[in-house]
Amino acid sequence: MTSKEWRQLSAEQLETIEGFQQSYPVKVGGLAKAFGLRVLLKPLPAKISGEIRPSTESEAGFDIGVNRFEKNTRQRFTIAHEIGHFLLHSHLIGGGITDTVLYRSRLSNRMEAEANRMAADILMPAKLIRKISSDLKIPLTEEFVDEFAEALQVSVQAMKIRLGV
Ligand SMILES: [Zn+2]
């Protein structure tokens, strides 16, 4: 169920992410911090969900900015998406990448799709989906999408895409 992007990561990167996937919801702010990234809640314009830009104050050299006016589930996906850019496209960040609410930026749509797949792999790993199914005694069906979304603190829409329902 993991993406081809996931399989491009180093053993060390995978270990860091998997360390945050032992319980749900995945603590995505903690994961950003573990990669040396700072996460800043910002009053960004309404059409912008987030950004990643160079910073001399973070260990990794980049800060993630998240629109403080958006819902928590949305902010979590944005943080995971920007971590995706950091892991996959750090050489292209340059002066910064700004993502619209549709997760479009000056990068290609292909790269945006890569960051989205990485975000899904981070927030909704197959093993946690199975664990929730077992803990809550609910099957992996469309009927229970809301319960899975709630447990993983992701939007129902993101969860539907993940479950393919
Ligand atoms: Zn993006």
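Conventions used here
Residues numbered from 1 in each chain as written. Predicted model: local features only at pLDDT ≥ 70, side-chain atom pairs only at ≥ 80, totals over all residues. Heavy atoms only, no water. Helix = DSSP H or I, 4+ residues; strand = E, 2+ residues; numbered from the N terminus. Rg over C-alpha atoms; globule rule 2.2 N^0.38 Å. Contact = heavy atoms within 4.5 Å. Areas by Shrake-Rupley, 256 points an atom, 1.4 Å probe, with all protein chains shown as cover. Lys, Arg positive; Asp, Glu negative; His and termini not counted. Charge placed at Lys NZ, Arg CZ, Asp CG, Glu CD. Polar contact = N/O pair within 3.5 Å; in protein donor to acceptor, adjacent residues only side chain to side chain. Pairing = 2+ DSSP bridges. Axes fitted to C-alpha atoms, helices over the stretch in contact; angles between N-to-C directions. 1 Å grid on protein atoms, 1.4 Å probe; cavity = no way out; pocket = protein on both sides within 12 Å on 5 of 7 lines; lining within 4 Å. Points joined across faces, edges and corners; volume = space filled by probe spheres on them. Nonpolar A, V, L, I, M, F, W, Y, C, P; charged D, E, K, R; others polar. Core = buried A, V, L, I, M, F, W, Y, C linked by side-chain atoms within 4.5 Å. Buried < 20%, exposed > 50% of the residue type's maximum accessible area, 1.4 Å probe, protein only.

## Looking at the overall build of the protein
Step number 1: Counting its secondary structure elements, the protein contains seven helices and four strands.
Step number 2: Counting from the amino terminus, the protein carries its helices and strands in the arrangement α-α-β-β-β-α-β-α-α-α-α.
Step number 3: Over its C-alpha trace the protein gives a radius of gyration of 15 Å, about what one expects of a compact globule, namely 15 Å for 165 residues.
Step number 4: If one aligns the C-alpha atoms of the protein with their principal axes, the spans along those axes are about 45 × 35 × 25 Å.
Step number 5: Long-range contacts, defined as pairs at least 24 residues apart, comprise 58% of the intrachain contacts of the protein with a sequence gap of at least 6.
Step number 6: Of the roughly 8400 Å² of accessible surface on the protein, 53% is carried by carbon and sulfur atoms.
Step number 7: When the 22 positive and 20 negative side-chain charges of the protein are each reduced to one mean point, those points stand 2 Å apart.

## Comments concerning the side chain of Glu 70
Step number 1: Tracing the backbone through its elements, the reader meets Glu 70 in the loop between strand S3 (62–67) and helix H3 (72–89).
Step number 2: Within the structure, the side chain of Glu 70 is placed 3.0 Å from the side chain of Ser 49, a separation counted as a polar contact.
Step number 3: When neighbours within four sequence positions are excluded, Glu 70 is seen to be in contact with Ile 48, Ser 49, Gln 75, Thr 78 and Val 101.

## Some points on the sheet that holds strand S2 (residues 48–54)
Step number 1: If you trace the four strands from one edge of the open sheet to the other, you get S1-S3-S2-S4, paired in mixed fashion. Edge positions in the open sheet fall to strand S1 (38–42) and strand S4 (97–100), since each of these has one partner strand only. Between one strand axis and the next, the sheet turns by 15 degrees as a mean value, whatever way the strands run.
Step number 2: Sheet strands touched by H3: S1, S2, S3 and S4. Its angle to S2, the strand with the most contacts, is close to 35 degrees.

## Quick look at the layout of surface pockets
Step number 1: When its volume is computed, the largest pocket comes out at roughly 430 Å³.
Step number 2: Those elements that provide at least two residues to the lining of the largest pocket are H3, helix H4 (109–123) and helix H7 (156–163).
Step number 3: Looking at the lining of the largest pocket, its residues break down into eight nonpolar, five polar and five charged.

## Some thoughts on the nonpolar core
Step number 1: In terms of nonpolar packing, the biggest core is built from 46 residues, with Leu 37, Ile 83, Ile 122, Met 124 and Met 159 touching the most fellow members.
Step number 2: Mapped onto this core, the elements with two or more residues apiece are helix H1 (11–19), helix H2 (28–34), S3, H3, H4, helix H5 (126–135), helix H6 (145–152) and H7.
Step number 3: For this core, the leading source of residues is H3, giving seven residues.

## Observations regarding the pairing of S2
Step number 1: Where burial is concerned, most of S2 is hidden: five out of the seven residues are buried.
Step number 2: Bridging between S2 and S4 involves four bridges; their strand directions are antiparallel. For Gly 50, the partnering residue across the bridge sits in S4 and is Asp 99.
Step number 3: Bridge analysis of S2 against S3 gives five bridges, and the strand direction is antiparallel. The residue of S3 that forms the bridge with Arg 53 is Asp 63.

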